[in-house]
Amino acid sequence: MAFSTLASPLWLSRSAFFLKTSLLHSGTRALTRRFTGPGQPSTFFSPISLKPSFKHLSAIRSASGIVAQKSSDSEWSLAREDVVILGIETSCDDTAAAVVRGNGEILSQVVSSQADLLSRYGGVAPKMAEEGHSLVINQVVQQALDNAKLTEKNLSAVAVTIGPGLSLCLRVGVCKARRIAGKFSLPIISVHHMEAHALVARLVEKDLQFPFLALLISGGHNLLILAHGLGHYVQLGTTIDDAIGEAYDKTARWLGLDMRKGGGPALEELAREGDAKAIKFSIPMRQHKDCNFSYAGLKTQVRIAIESKNLSVENNSISSTSSHERRLRADIAASFQRVAVLHLEERCERAIEWAMNIEPSIKCLVVSGGVASNQYVRTRLNHVVEKNGLQLVCPPPSLCTDNGVMVAWTGIEHFFCGRFDPPPRADEPKDSMFDLRPRWPLGEEYSQGKSGARSLKRARLHPSLTSIIQGSAQQQV
Ligand code: KG4
Ligand code: ZN
């Protein structure tokens with residue numbers, strides 16, 4: 001698949017980055033299992049073609065030598081605690097890397113945020129974001145290895161996000177991952193960013209089994225997914241225009257909030273001071289009895305409310321306003337948040353109903369993605385879930401926003417099913433064409449969930465992850 005270039009504004013200035021690092025440890029739970037899952041060996045991603053590409057693999061190595069050996073055509077014996085995977089994430093505005101053990105132990109997690117850049121330029125400009133990633137990627141990966149007290153030689157594989165996201169940004173992470181994998185002869189695992197947001201819940205909650213329902217809410221996506229199994233997803237709903245994170249970010253900007261900590265967190269904080277019933281915004285898409293989302297109209301309602309109160313949306317820092325005006329802004333923030341989340345609640349109610357009809361054994365709703373770190377969102381969705389006799393699984397905020405752990409963990413999940421590519425050539429040219437998937441659906445659309453309200457943005461979509469995996473599995477039979 002060709003690397004496509006996006007139109008991008010001129011580079012304006014070098015960005016200032018800050019490096020948030022944390023060393024997170026979860027309990028070590030040694031798991032040793034003999035993998036004989038259905039349909040194994042499974043799909044292998046290939047960087048250029050989509051054909052199975054790793055048939056010759058007979059052993060997986062790691063720090064302690066060979067940890068997985070193919071004892072027959074379909075049987076792997078694996079020691080989970082001996083597998084160590086580096087995850088790299090550069091799909092949008094965070095440069096992240098983490099090292100995770102096969103049993104879910106997080107050995108390190110490093111995130112370099114471009115929030116500062118975002119606050120100065122008002123959004124993610126692909127060319128600037130690419131430069132930002134390029135500036136810090138080596139440092140971020142090195143720090144993840146150092147914090148884990150490991151070197152590349154100790155790794156079993158490298159996992160990297162290949163989509164969806166901005167091509168220019170994805171390419172930085174993919175190049176780095178392939179350089180390491182080529183030099184140290186490591187398998188490479190291509191990761192779907194939204195699958196990673198969903199699957200990280202299985203690292204946090206070890207008992208979370210398929211099937212489950214997932215609401216994935218971020219800056220670019222609003223997805224309701226029925227997860228039947230690893231790599232097997234049905235899309236119950238998506239946004240027909242903007243995602244909720246985009247609406248939070250725009251509203252925060254118009255209200256003059258400090259965007260350096262991110263629009264969403266800043267708005268959540270201000271909303272605590274406001275009256276959520278002060279302004280009557282209407283809940284989107286009530287006439288459509290489906291699970292799709294829309295936030296563009298709510299954004300327009302907010303803008304009109306701001307203008308009708310004579311609040312400026314330009315040069316309007318909240319730090320320089322009167323207490324009366326601050327109160328007005330807080331009311332708008334709280335009213336926006338209430339309706340934005342009511343829309344989520346209503347769609348989740350319907351999705352639970354649909355999902356229970358399709359898969360009555362579902363017990364959990366996973367809520368993940370950057371917006372899932374919002375406390376109000378969590379509390380409200382918890383009510384919905386409890387009312388329906390389900391359990392809410394919501395990763396901690398540091399694993400909801402973009403991070404390398406979710407990529408490493410998703411790599412681990414696929415690795416243990418035998419889905420990975422062989423090491424690239426050590427001398428692979430820097431300008432190679434990589435398989436980047438900027439527009440890549442996670443699953444197939446639920447046919448009975450289709451309605452009149454649909455996105456027109458359907459051009460240049462990559463086949464979904466689920467269809468690729470199922471197609472390859474059929475080829476293997
Ligand atoms: O998943 P994520 O880190 O990146 C994408 O894949 O887009 O999500 C980023 C989005 C941003 O729009 C950000 O403002 C939002 O998540 N977000 C929040 C909160 N924390 C992050 N939105 C509302 N409340 C929060 N506390
Ligand atoms: Zn994300």
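Remember, predicted model here, so these are calculated numbers, not experimental data.

**Student:** Explain the coordination of the zinc ion (ligand 2) to me, please; I cannot follow it from the model alone.
**Tutor:** Each pair of donors in an ideal octahedron of six around a metal sits at 90 or 180 degrees, and each pair in an ideal tetrahedron of four sits at 109.5 degrees. On the protein side, the zinc ion (ligand 2) has His193 (NE2), His197 (NE2) and Asp402 (OD) as donor atoms, found 2.1 to 2.2 Å from it. Donor residues for the zinc ion (ligand 2) sit on one chain with the sequence pattern H-x3-H-x204-D. Here His197 is found in helix 4 (residues 193–204), whereas its partner Asp402 is found in the loop between helix 10 (397–400) and helix 11 (404–415), with 205 residues between them in sequence. Each member of the pair, His197 as well as Asp402, is classed as buried.

**Student:** In this structure, what is going on with the packing of helix 2 (residues 126–147) against helix 3 (residues 167–183)? I would like to understand it.
**Tutor:** What describes two packed helices is the angle between their axes and the distance between those same axes. Interhelical geometry of helix 2 versus helix 3 gives an angle of 25° and a closest axis separation of 8 Å. The pairing of helix 2 with helix 3 is recorded here as roughly parallel in orientation. As helix 2 runs across helix 3, the sense of the crossing is right-handed. Between helix 2 and helix 3, the residues in contact are Pro126, Lys127, Ala129, Glu130, His133, Ser134, Ile137, Asn138 and Val141 and Leu168, Cys169, Val172, Lys176, Arg179 and Ile180, respectively.

**Student:** In this structure, what is going on with the sheet that holds strand 15 (residues 391–393)? I would like to understand it.
**Tutor:** As a general point, the strands of a sheet are linked pairwise by backbone hydrogen bonds and lie either parallel or antiparallel. The strand order 15-14-11-12-13-16 describes an open sheet built from 6 strands, whose pairing is mixed. Every other strand in the sheet has two partners, leaving strand 15 and strand 16 (444–445) as the edge strands with one partner each. Note: strand 12 (residues 222–229) against strand 13 (residues 232–237), 5 bridges, orientation antiparallel. Within strand 13, the residue paired with Ile225 across the bridge is Gln235. Seen against the sheet, helix 8 (residues 323–358) touches strand 11 (212–217), strand 12, strand 13 and strand 14 (364–368) and runs at an angle of roughly 20° to strand 12.

**Student:** For this particular structure, what's the right way to read the nonpolar core?
**Tutor:** Taken as a class, soluble globular proteins show a tendency for nonpolar side chains to be buried jointly. Ranked by size, the top nonpolar core spans 75 residues in total, and within it Ile85, Leu86 and Val99 carry the most contacts. With sequence-adjacent residues up to four places away left out, Ile85 is seen in contact with Ala98, Val99, Val100, Leu155, Ala157, Ala159, Ile189, Ala408, Gly411, Ile412 and Phe415. The next biggest cluster of nonpolar side chains, apart from the first, holds 62 residues, and it includes Leu213, Trp254, Val313 and Leu390.

**Student:** Looking at this structure, how should I read the site of ligand 1?
**Tutor:** Lining the immediate surroundings of ligand 1 are 18 residues, of which Gly219, Asp249, Glu268, Asn374 and Asp402 lie closest. Here an oxygen atom of ligand 1 and a backbone polar atom of Val371 are 3.5 Å apart. Contacts to ligand 1 include Asp402, whose backbone N or O atom sits 2.9 Å from an oxygen atom. For ligand 1, whose unbound accessible area comes to 550 Å², protein coverage reaches 89%. Looking at the shell around ligand 1, the elements with two or more residues in it are helix 4, helix 5 (244–254) and helix 6 (263–271).

**Student:** Whenever I open this one, the packing of helix 7 (residues 296–308) against helix 8 confuses me. Can you help?
**Tutor:** Packing of helix 7 against helix 8 brings their axes to within 11 Å, and their N-to-C directions diverge by 165°. With respect to helix 8, the axis of helix 7 lies roughly antiparallel. Crossing handedness for the pair helix 7 and helix 8: right-handed. Between helix 7 and helix 8, the contacting residues are Leu298, Val302, Ala305 and Ile306 on the first element and Ile332, Phe336, Val339 and Ala340 on the second.

**Student:** Could you clarify how one ought to interpret helix 4 in this entry?
**Tutor:** Helical geometry: 3.6 residues make up each α-helical turn, so side chains three or four residues apart lie on a common side. Spanning 12 residues, helix 4 covers 17 Å between terminal C-alpha atoms, matching the ideal 16 Å at 1.5 Å per step. Most of helix 4 sits out of view: 11 of its 12 residues are buried. Listed as buried for helix 4 are His193, Met194, Glu195, Ala196, His197, Ala198, Leu199, Val200, Ala201, Arg202 and Leu203.

**Student:** What should I look at first to understand helix 9 (residues 375–387) in this one?
**Tutor:** Between the first and last C-alpha of helix 9 there are 19 Å, a value that for 13 residues agrees with the 18 Å anticipated at 1.5 Å per step. Those residues of helix 9 lying buried are Val377, Arg378, Leu381, Val384 and Val385. In a view along the axis of helix 9, the buried residues occupy a sector of 125°, so they form one face of it. For helix 9, exposure combined with an orientation more than 90 degrees from the buried face picks out Glu386 and Lys387. On its buried face, helix 9 sits against strand 11, helix 5, helix 8, strand 14, strand 15 and helix 10. Put simply, Asn374 is the residue that caps the front of helix 9, since its side-chain oxygen is 2.8 Å from the backbone nitrogen of Tyr376. Following helix 9 by one or two positions, Gly389 adopts a phi angle in the positive range, close to 70°.

**Student:** Please explain the pairing of strand 13 as it appears in this structure.
**Tutor:** For a regular strand, side-chain orientation follows a simple rule: the groups alternate between the two sheet faces. Most of strand 13 sits out of view: 5 of its 6 residues are buried. Pairing analysis gives 2 bridges linking strand 13 to strand 16, with the strands arranged parallel. When the bridges of strand 16 are listed, Gln235 appears paired with Glu445.

What counts and what doesn't
Residues numbered from 1 in each chain as written. Chains lettered and ligands numbered in written order. Predicted model: local features only at pLDDT ≥ 70, side-chain atom pairs only at ≥ 80, totals over all residues. Heavy atoms only, no water. Donors = N, O, S within 2.8 Å, 3.2 Å for Na, K, Ca; no water. Helix = DSSP H or I, 4+ residues; strand = E, 2+ residues; numbered from the N terminus. Buried < 20%, exposed > 50% of the residue type's maximum accessible area, 1.4 Å probe, protein only. Axes fitted to C-alpha atoms, helices over the stretch in contact; angles between N-to-C directions. Parallel < 35°, antiparallel > 145°, perpendicular 65-115°, else oblique. Left-handed = near helix turned anticlockwise from the far one by under 90°. Contact = heavy atoms within 4.5 Å. Pairing = 2+ DSSP bridges. Core = buried A, V, L, I, M, F, W, Y, C linked by side-chain atoms within 4.5 Å. Near = heavy atom within 4 Å. Polar contact = N/O pair within 3.5 Å; in protein donor to acceptor, adjacent residues only side chain to side chain. Areas by Shrake-Rupley, 256 points an atom, 1.4 Å probe, with all protein chains shown as cover. Expected span 1.5 Å × (residues − 1). Arc of directions from axis to C-beta.

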